[in-house]
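Single-letter residue listing:
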Amino acid sequence: MRRPRLPKTRSRAAAWWPPRPPRTRAGQRRLVRAVMAVCVLALLPSTWMYVVTGDRLRTTADVPRTDVAVVFGAGLWDGEPSPYLAHRLDAAAELYRAGRIKVVLVTGDNSREDYDEPDAMRAYLTRHGVPGARIVSDYAGFDTWDSCVRAKKVFGVDRAVLISQGFHIRRAVALCQAAGVTSYGVGVAATHDVTWYYGGTREVFAAGKAALDAAFQPDPHFLGRKETGVRQALAGAGVGSRAGGR
C-alpha cells in the first residue's frame, strides 16, 4: 500500500521570504519612515566628509605652499605605478618643480616582499625630477587612515598637501584632519573608466568606515617607532624642524 503524500510545508525562514509589504496604512507609514531613516543614516558619513573638507580642496595651481606632500598608493602594474597612481605622482612632481612643496611622503603597501608601492613611487618621482633626498617612504600605509595616522605620529607631519583622485581626496583630507594633520587636498583628473566608477562606488561604503575611524581613532595596523626621514629631508631643503609647518 502506497503511503499518502502529505502537503509540503514551508520552513520558518522560507515563510518570511519574499517579504510582503504591509497591508495596513499604519504599517506602510512605518515602512516608509524606516526606509527614510536608513537612507539618512547612510548619507551621514558622506555629509560629514563634505562639511569637513568644504574649503580644503584646491588645484596644483592654487594649493597653499606647504613643506610636505603626501601621495597615497593606488596599485602597481607589473611593478610600475598604475595609471591612477602615476597621475598622483605627476601632480606631486609638478608641485615640487613649481616650488610649492619641499618633500614628498609616499605612503603605500609593502606587506609582502614582491609588492612594494613606496619604492615604485620613489623611482617614478626621481625619473620625473624629484631628488631622492626629498622623497620619504612609508611602507605601512595599508589604508588611508593608517597613512594619515603614521604621517602624524611616526613622521611628525603637522601640515600637508594630500594628492589623490577626486573620488578619494575628500576622504583623505577628512581622515588626515581627524588624525591631526592640517590638510589641503589636490584631486587629480582621471579617465571615467571602469576603475573610476568602481572607485566612486567604493567611496560610498568607505565613507562609513572613515567616519568610524575618525570617531574612535584606532591605532593603525602597524605603528612602529618614530622616524626622522621627513625632518631630515626638510632640513636638507633648508626648512625648519616642524614637519610641514610654516
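In this report, the structure presented in the accompanying data block is examined. Please read all numbers here as calculations on a predicted model, not as lab measurements.

Rules behind the numbers
The written sequence of each chain sets the order in which its residues are numbered from 1. pLDDT decides what is reported in this predicted model: residues at 70 or higher carry local features, side-chain atom pairs at 80 or more are listed and counted, and totals for whole chains, interfaces and linings draw on all residues regardless. Calculated side-chain values reflect all of the structure's heavy atoms, with hydrogen atoms and water omitted. When the sulfur atoms of two cysteines come within 2.5 Å, that pair is taken as a disulfide. Secondary structure elements are defined from DSSP: runs of H or I of at least 4 residues count as helices, runs of E of at least 2 residues count as strands, and each element is numbered from the N terminus. Three labels apply to residues, based on accessible area from a 1.4 Å probe with only protein chains included: buried if under 20% of the type maximum, exposed if over 50%, partly exposed otherwise in between. Note on charges: Lys and Arg go in the positive column, Asp and Glu in the negative column, and His and the chain ends are not counted at all. When a carboxyl oxygen of Asp or Glu is within 4 Å of a side-chain nitrogen of Lys or Arg, the pair counts as a salt bridge. By the criterion applied in these results, polar contacts are pairs of N or O atoms within 3.5 Å in which, for protein atoms, one can donate a hydrogen and the other can accept it, and in which residues neighboring in sequence qualify only through two side-chain atoms. By the convention used here, residues are in contact when the closest approach between their heavy atoms is within 4.5 Å. Only when DSSP finds a minimum of two bridges between them are two strands counted as paired. What counts as an axis is a line fitted to C-alpha atoms, over the stretch in contact for a helix, and the angles between N-to-C directions run from 0 to 180 degrees. Working rule for angles: under 35 degrees goes down as roughly parallel, over 145 as roughly antiparallel, 65 to 115 as roughly perpendicular, anything else as oblique. Left-handed is the label given to a crossing in which the near helix is rotated counterclockwise from the far helix by less than a right angle, and right-handed is the label when the rotation is clockwise. Gly is placed with the polar residues, together with every amino acid not listed as nonpolar (Ala, Val, Leu, Ile, Met, Phe, Trp, Tyr, Cys and Pro) or charged (Asp, Glu, Lys and Arg). Orient the strands so they point away from the viewer; a crossover is then right-handed if the path from the first strand over the helix to the second runs clockwise.

## Comments concerning the state of the cysteines
No. 1: Tallied over the full model, the rule gives one disulfide.
No. 2: Across the disulfide from C148 sits C176; the S-S distance is 2.2 Å. Sign of the S-S torsion, about -85° for the bond between C148 and C176, identifies this disulfide as left-handed. Of this pair, C148 sits in helix α5 (residues 144-153) while C176 is found in helix α6 (residues 166-178), placing the two residues 28 residues apart along the sequence.
No. 3: For C148, a relative accessible area of 0% corresponds to the buried category.
No. 4: Looking at C176, the relative accessible area reads 3%, which means it is buried.

## Some remarks on the side chain of R100
No. 1: You can see R100 is positioned in the loop between α3 (83-97) and β5 (103-107).
No. 2: No salt bridge is formed by the buried R100, whose closest oppositely charged neighbour, D62, lies at an N-O distance of 6.7 Å.
No. 3: At a separation of 2.6 Å, a polar atom in the side chain of R100 contacts the main-chain carbonyl oxygen of V63.
No. 4: The contact partners of R100, leaving out residues within four places of it in the chain, are T60, A61, D62, V63, P64, R65, T66 and L95.

## Points about the sheet that holds strand β2 (residues 68-72)
No. 1: Judged by pairing direction, the sheet is parallel, and its six strands sit side by side in the order β1-β8-β7-β2-β5-β6 without closing on themselves. One side of each edge strand has no neighbouring strand; the edge strands of this open sheet are β1 (57-58) and β6 (135-138).
No. 2: Contacts between helix α4 (residues 117-127) and the sheet are confined to β2, β5 and β6, with β6 contributing the most and set at about 165° to the helix.
No. 3: Contacts from α5 reach β2, β5 and β6, with the element oriented near 155° to β2.

## Quick word on the packing of α5 against α6
For any two helices packed against each other, the geometry is given by the interaxial angle and the distance between the axes.
No. 1: Packing of α5 against α6 brings their axes to within 9 Å, and their N-to-C directions diverge by 40°. One element, α5, and the other, α6, form an angle in the oblique class. Considering the relative orientation of α5 and α6, their crossing is right-handed. Every residue of α6 that contacts α5 at T144, W145 and C148 is listed here: H168, R171, A172, L175, C176 and A178.
No. 2: Partitioned by chemical class, the residues of the contact of α5 with α6 number six nonpolar, two polar and one charged.

## Examining unusual backbone geometry
No. 1: Of note, the phi angle at D78 is positive, near 55°, even though the residue is not glycine.
No. 2: Here D78 is to be found in the loop between β3 (76-77) and β4 (80-81).
No. 3: Of the residues examined, D78 reaches a relative accessible area of 84% and is grouped as exposed.

## Some words on the pairing of β6
No. 1: Side chains I135 and S137 project from β6 onto one buried face, and the interleaved V136 and D138 project onto a second face that is buried too.
No. 2: Alignment of β5 against β6, held across four bridges, turns out to be parallel. Residue pairing in the sheet places V106 in a bridge with S137 of β6.
No. 3: Handedness of the crossover is the feature at issue here: the chain leaves β5, passes through α4, returns alongside β6, and the resulting connection is right-handed.

Geometry only, nothing functional implied.
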